[in-house]
Amino acid sequence: MMEYREEDYLMLSGIQHFAFCRRQWALIHIEQQWAENVHTVEGELLHKNAHDPYYSEKRNDVIISRGLPVHSRTMGVSGVCDIVEFRRSEEGVSLHGHRGLFQIYPVEYKRGKPKDTDIDILQLTAQAMCLEEMLAARIEEGALFYGEIKRREKVLFTEELRAQVRADFAEMHQIYDRKYTPKVRWSKACNACSLRDICLPKLGKAPSVKAYIKNAIEEESG
Ligand code: SF4
């Protein structure tokens, strides 16, 4: 199987942007544009709480690890897991420095409530796939914790989700290598997009430069 070099790794969390809108992902991750809005700031705050402090905590039969860095050579991505629970289980894998066997259970924190789309689910699946590759384990299930409803939603890592994650990362690498920002059509998603103001003029919603100059000349000579 093909393996990526570490310097070519993409940000794992970019899969949420990519699944939301390929153009949004390219603007953020290729053109490095970032328009902060309330959504992103709130999201970052919630993440900070989950990542901070960086430590592992032990409770009965569970070791809880926060802010765990993960990567995958085969998908060429790296990122951070908000929380990974290592639950003592006969069916688990052994962990360096710990006696016994453990099942691995990733949990990702999200602002707001469950979405209509799969974007959060894809990100969590990607994290699970990285953990599987790093720890030579099989992970069947994880959870998304939503700040607004303060509840965990279970996610089963199906073959369909895994295939989608692999296909998305492969396409992201292709686009990244070409440094190409895809053009997409205006959709309802644009209303909730934090990059709307940067994206739309480029998509041609604003008057073109030619039209602008023509107007300016007409005004001057009028
Ligand atoms: S404004 Fe619309 S097209 Fe542009 S990046 Fe956002 S979602 Fe994508």
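Below is a summary of the structure that appears in this document. (Residues numbered from 1 in each chain as written. Predicted model: local features only at pLDDT ≥ 70, side-chain atom pairs only at ≥ 80, totals over all residues. Heavy atoms only, no water.)

### Some details on the site of the ligand
Part 1 of the reasoning: Taken together, 9 residues are adjacent to the ligand, and Cys21, Val184, Cys190, Cys193 and Cys199 come closest.
Part 2 of the reasoning: For the shell around the ligand, the leading source of residues is helix α6 (residues 196-203), giving 3 residues.
Part 3 of the reasoning: Here the shell around the ligand is composed, by residue class, of 7 nonpolar, 1 polar and 1 charged. (Near = heavy atom within 4 Å. Helix = DSSP H or I, 4+ residues; strand = E, 2+ residues; numbered from the N terminus. Nonpolar A, V, L, I, M, F, W, Y, C, P; charged D, E, K, R; others polar.)

### Examining the packing of aromatic side chains
Part 1 of the reasoning: Scanning the entire structure with this criterion turns up 2 aromatic pairs.
Part 2 of the reasoning: With centroids separated by 5.4 Å and ring planes inclined at 90 degrees, the aromatic side chains of Phe18 and Trp25 adopt a geometry described as edge-to-face.
Part 3 of the reasoning: Classification of Phe18 as buried rests on a relative accessible area of 0%.
Part 4 of the reasoning: Residue Trp25 is classed as buried on the basis of its relative accessible area, which comes to 1%.
Part 5 of the reasoning: Above the ring of Tyr105, the side-chain terminus of Arg87 is found at 3.8 Å from the ring centroid.
Part 6 of the reasoning: We note Arg178 situated over the ring of Tyr180; from NZ or CZ to the ring centre the distance is 4.8 Å. (Phe/Tyr/Trp six-rings, centres within 6.5 Å; stacked < 30°, edge-to-face > 60°. Buried < 20%, exposed > 50% of the residue type's maximum accessible area, 1.4 Å probe, protein only. Lys NZ or Arg CZ within 6 Å of the ring centre and 35° of its normal.)

### Side note on unusual backbone geometry
Part 1 of the reasoning: Even without glycine at this site, Ala136 takes up a positive phi of about 50 degrees.
Part 2 of the reasoning: In this structure Ala136 comes out as exposed when scored by relative accessible area, which is 67%.
Part 3 of the reasoning: Even without being a glycine, Lys179 presents a positive backbone phi close to 50 degrees.
Part 4 of the reasoning: Residue placement: Lys179 occurs in the loop between α5 (159-178) and α6.

### Observations regarding the nonpolar core
Part 1 of the reasoning: Trp25, Phe86, Ile104, Leu131, Val165 and Phe169 are the most contacted members of the largest nonpolar core, which has 37 residues in total.
Part 2 of the reasoning: Elements supplying a minimum of two residues to this core: α1 (14-20), α2 (22-29), β3 (62-72), β4 (77-94), β5 (101-110), α4 (119-135), β6 (141-146) and α5.
Part 3 of the reasoning: Sort the elements by how many residues they give to this core and α4 lands first, with 7 residues.
Part 4 of the reasoning: For Leu131, the contacting residues outside a window of four places in its chain are Leu68, Val70, Cys81, Val84, Ile104, Pro106, Ala136 and Ile139.
Part 5 of the reasoning: Grouped together as the second largest cluster of nonpolar side chains are 7 residues, Val107, Tyr109, Ala143 and Phe145 included. (Core = buried A, V, L, I, M, F, W, Y, C linked by side-chain atoms within 4.5 Å. Contact = heavy atoms within 4.5 Å.)

### Section: the environment of Gln103
Part 1 of the reasoning: Considering the arrangement of structural elements, one finds Gln103 in strand β5.
Part 2 of the reasoning: The exposure class assigned to Gln103 is partly exposed, which follows from its relative accessible area of 37%.
Part 3 of the reasoning: As a C-alpha pair, Gln103 and Val93 span 10 residues in sequence and 6.5 Å in three-dimensional space.
Part 4 of the reasoning: Discounting chain neighbours no more than four positions away, the residues touching Gln103 are Glu85, Phe86, Arg87, Ser89, Glu91 and Gly92.

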